[in-house]
Amino acid sequence: MSIPPLITFQEDFLSGKLISKEYVHFSEIDCPELDVWIGRIVRSISLEFLHEILFTILSELLVNGCKANGKRVFFQKQGLNLWDEKDYSRGIPLYKDEFGHNRKRVFLELDESPYKIILSTIFKEDYIEFRVTNNAKILPEEKNRILKRVQASAKYKNINDAYRESIDNEESSGLGIVLIHILLRNSGISNQFFQLITTEENTEVIIRIPKQLIPKENQVSIKNLLVREVNSLPPLPPQIQKLIITANKKDVDWHEISAQVEKDPAITAEILKIANSPLFGAHTPIISVLEGVKRIGLKNLESIFLTLGAKKILNSRYAKQVLVWTHSFKTSMYARFLIEDSKKHLKLLEPAIICGLLHDLGRMVLLSLDLSQINQIRVLRSDDSNEISEWVEEYTLGTTHSEIGYLMSEKWKFPEEILDVIRYHHKPWQCKTRNNILCQIIYLADILANIGRGKGNYFTVEPEVLEYFEIKSEKEFRDMQDRFKLQFEEHREEYQNLLA
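Here the structure is a predicted model, which means the values were calculated and not measured. All residue numbers refer to positions counted from 1 along the written sequence of the respective chain. Side-chain atom pairs in this predicted model are given and counted only at pLDDT of 80 or more, local residue features only at pLDDT of at least 70, and totals for whole chains, interfaces and linings cover all residues. Only hydrogens and water are set aside when side-chain values are computed; all heavy atoms of the structure are taken into account.

With that out of the way, let us pick up the overall build of the protein. Think of it this way: any DSSP run of H or I at least four residues long counts as a helix, any run of E at least two long counts as a strand, and we number them from the N terminus. The number of helices and strands found in the protein is 24 helices and five strands. Three labels apply to residues, based on accessible area from a 1.4 Å probe with only protein chains included: buried if under 20% of the type maximum, exposed if over 50%, partly exposed otherwise in between. Counting across all 500 residues of the protein, residues that qualify as buried make up 54%. Here, two residues are considered to be in contact whenever any of their heavy atoms come within 4.5 Å of each other. If you take every contact in the protein between residues at least 6 apart in sequence, the share linking residues at least 24 apart comes to 69%. By element, 51% of the accessible surface of the protein is carried by carbon and sulfur atoms, the whole surface being about 23800 Å². Accessibility throughout is a Shrake-Rupley quantity obtained with a 1.4 Å probe, and a residue counts as covered only by protein chains that appear here.

Below is the structure:
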């Protein structure tokens, strides 16, 4: 049976116009277009961290709706009255057995039934509303079970706690309701944004996702706190500043700049490590600074010196910087692989390598705020949670690591291309300068490098970026990711040495 497209996108889908899609049976729910659709919605309001959470929630609601419809068709087929208490008690075990062993048949029979599910969303001023509507009247037993799950969800901190304590011995949909509430709550969204509406004709679940997860006045306070942290960062070390000035001289030569580098043993060691690293395609080891700066290239030295200066300050100030540098190095390598693989924009190879190293500078500040600052943030958020992911953390703060990194790079006078990449590496379509392609390269390299950490997939990538790099299918995307992963593993020892 062919499966129709999940969503027909409309050009004005952000204007408040209702978008909907009818589902007949469960097999349609597995269509990847749901992933794409959700991705476009959350990116439009800078809530990308909710992508997988919303996909899980909406899939769960759609599955439950299809199972409920299948139950109605099954009862009719068996000559049982769904609304009769005795028939219901007798029929439920039979339906569970049928669903467990002949699920495909259950859903195929829905094709001939009048039952359907509509998934729709609409943009409001302060929130996005998702509706899953089933044109079947809910049973009192079903409604009571859902309401009990809503109440029960408050006592669980995570879904594992809910699984450990079985709360439904008759039907398997109970944990889905708990899952929805746990995911929403752990994303900083209160349960008041979940609503069940029942009428004589329909059963509807509404989920409202606020565009801002904390009040604007609190966001201002938090952002001011972070800006003060950035402003407190010291200037680049004097020796680094001297090297940058030297690198920018019109008549500078290799000997002059290598002599300046050699005045600082620590910088000398860093330059040799970088020159011998896979970042610059090193094959033959070199031991002289002169050969090192030649390999790096004069046009790249300013950015490399800036990187070394930032690394020195941040390493001395923040405890969690190794995590960021590790990912940044991987992104840098993936940017190199992407350019070489696509054979597009080979002239951007070296700038992309450097931008990959620096794209996540702001994350160091967000991940490494001292305890007093974290407590202030949690007070402003009225949130006692101790298990907040970095994505949830920064988006509920009302700012992002990209914005914080941009402030840092402005303070240290980074070149324009690095400023743009730091600011737009999650939203390259917002970059309107000549550096747009560079932003797209780092955007895709960052996603590819993050997949191993359980973040992102083919369907979370902006379709226009996939099209630009001629990635036409999920298989092509996965093949690329596998190739890059193998290439990166070949250099693991070298990158670990670079971070030492």
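Moving on from the model shown.
Next up on the list: the nonpolar core. In this text, buried Ala, Val, Leu, Ile, Met, Phe, Trp, Tyr and Cys residues form a nonpolar core when linked through side-chain atoms within 4.5 Å. Ranked by size, the top nonpolar core spans 84 residues in total, and within it Phe305 and Phe414 carry the most contacts. It is helix H21 (residues 436–450) that contributes the most residues to this core, 11 residues altogether. The residues contacting phenylalanine 305, other than those within four sequence positions of it, are Ile240, Leu243, Ile244, Ala247, Ile257, Val261 and Ile271. The next biggest cluster of nonpolar side chains, apart from the first, holds 44 residues, and it includes Phe74, Ala136, Ile180 and Leu184.

Of all eight residues that make up strand S5 (residues 203–210), eight are buried, and the element is covered over most of its length. Across the two faces of S5 the burial is the same, with Thr203, Val205, Ile207 and Ile209 and Glu204, Ile206, Arg208 and Pro210 all buried. At least two DSSP bridges between two strands are needed for those strands to be called paired. Here strand S3 (residues 127–134) pairs with S5 via eight bridges, running antiparallel. Bridge assignment links arginine 131 to a residue of S5, and that residue is isoleucine 206. Both strand S4 (residues 194–198) and S5 contribute to a ladder of five bridges, which runs antiparallel. Within S5, the position partnered with threonine 198 by the bridge is threonine 203. Hairpin connection between S4 and S5: a loop of four residues separates the two successive antiparallel strands.

Here the focus is the state of the cysteines. Here, two cysteine sulfur atoms that lie within 2.5 Å of each other are counted as a disulfide. One pass over the structure, following the stated rule, counts zero disulfides. Between cysteine 431, a cysteine without a disulfide, and cysteine 439, which holds the nearest cysteine sulfur, the sulfur-to-sulfur distance is 3.8 Å.

Here we take up the pairing of strand S2 (residues 117–123). A large share of S2 lies buried, amounting to six of its seven residues. Relative to S3, S2 runs antiparallel, the two being bridged by seven bridges. Directly across from serine 120, in S3, lies its bridge partner arginine 131.

Across the protein, pLDDT averages 77, with 76% of residues at or above 70. Along the chain, pLDDT gives the predictor's confidence residue by residue, from 0 to 100. Every residue in residues 1–30 is under pLDDT 50, and counting partners more than four places away or in other chains gives 73 contacts. A low-confidence stretch, residues 166–173 (pLDDT under 50), is modelled with 21 contacts involving residues beyond four sequence positions or located in other chains.

Turning next to helix H5 (residues 140–153). The terminal C-alpha atoms of H5 lie 20 Å apart, and with 14 residues this matches the ideal 20 Å at 1.5 Å per residue to within 8%. Inspection of H5 places Glu142, Arg145, Ile146, Arg149, Ala152 and Ser153 among the buried residues, and these make up the whole buried set. Looking down the long axis of H5, one finds its buried residues gathered within 125° of arc, a one-sided arrangement. Pointing more than 90 degrees away from the buried face of H5 are the exposed residues Pro140, Lys148 and Gln151. Between the first and last residue of a helix there are one fewer steps than residues, each counted as 1.5 Å, and that sum is the expected span. Throughout, the arc means the angular range of directions from the helix axis out to the C-beta atoms.

Any carboxyl oxygen of Asp or Glu that lies within 4 Å of a side-chain nitrogen of Lys or Arg is treated as forming a salt bridge with it. Enumeration over the complete set of coordinates arrives at 18 salt bridges. Salt-bridge contacts for glutamate 109 lead to lysine 77; the nearest nitrogen and oxygen are separated by 2.7 Å. Of this pair, glutamate 109 sits in helix H4 (residues 103–110) while lysine 77 sits in helix H2 (residues 51–78), and the two are 32 residues apart along the sequence. Residue classification places glutamate 109 among the partly exposed residues on the basis of a relative accessible area of 23%. Across the pair aspartate 341 and arginine 483 runs a salt bridge, and its minimum N-O distance is 2.9 Å. Of this pair, aspartate 341 sits in helix H14 (residues 321–342) while arginine 483 sits in helix H23 (residues 474–489), and the two are 142 residues apart along the sequence.

This next bit is on the packing of aromatic side chains. Stacked, tilted and edge-to-face pairs are distinguished by plane angle, under 30 degrees for stacked and over 60 for edge-to-face with tilted covering the rest, among Phe, Tyr and Trp rings (Trp via its six-membered ring) whose centres lie within 6.5 Å. Tallied over the full model, the rule gives 13 aromatic pairs. Aromatic side chains phenylalanine 74 and tyrosine 95 sit 5.6 Å apart centroid to centroid with 45° between the ring planes, which places their arrangement in the tilted category. Of the two residues, phenylalanine 74 is situated in helix H2 and tyrosine 95 in helix H3 (residues 85–101); the sequence distance between them amounts to 21 residues. According to the relative accessible area criterion, tyrosine 95 is buried, its value standing at 5%. Ring centres of phenylalanine 337 and phenylalanine 484 lie 5.6 Å apart, and the angle between their planes is 50°; on these two criteria the pair is classed as tilted. Of the two residues, phenylalanine 337 is situated in helix H14 and phenylalanine 484 in helix H23; the sequence distance between them amounts to 147 residues.

Once that is clear, we can look at the side chain of glutamate 462. Within the element layout of this structure, glutamate 462 appears in the loop between H21 and helix H22 (463–468). Look at glutamate 462 and you get buried, because its relative accessible area is 10%. Setting aside chain neighbours within four positions, we find glutamate 462 in contact with Arg40, Arg43, Trp429 and Tyr443.

As for its placement among the helices and strands, asparagine 202 is situated in the loop between S4 and S5. Remark: the alpha-carbon pair of asparagine 202 and asparagine 135, spanning 67 residues in sequence, is separated by 4.4 Å. Residues in contact with asparagine 202, not counting those within four places in the same chain, are Thr133, Asn134, Asn135, Ala136 and Ile197.

Quick look at the environment of leucine 233 now. Its place among the elements puts leucine 233 in the loop between helix H8 (216–231) and helix H9 (238–247). Residue class for leucine 233 comes out buried when judged on its relative accessible area of 2%. Distance from leucine 233 to tryptophan 412, taken between C-alpha atoms, is 9.7 Å for residues 179 residues apart in sequence.

Attention now goes to unusual backbone geometry. Unusually for a residue other than glycine, lysine 413 sits at a positive phi of about 60°. Inspection of the secondary structure assignment puts lysine 413 in the loop between helix H19 (401–411) and helix H20 (416–424). The residue glutamate 470 is not glycine, and still its phi comes out positive at about 55°. When you line up the elements, glutamate 470 lands in the loop between H22 and H23.

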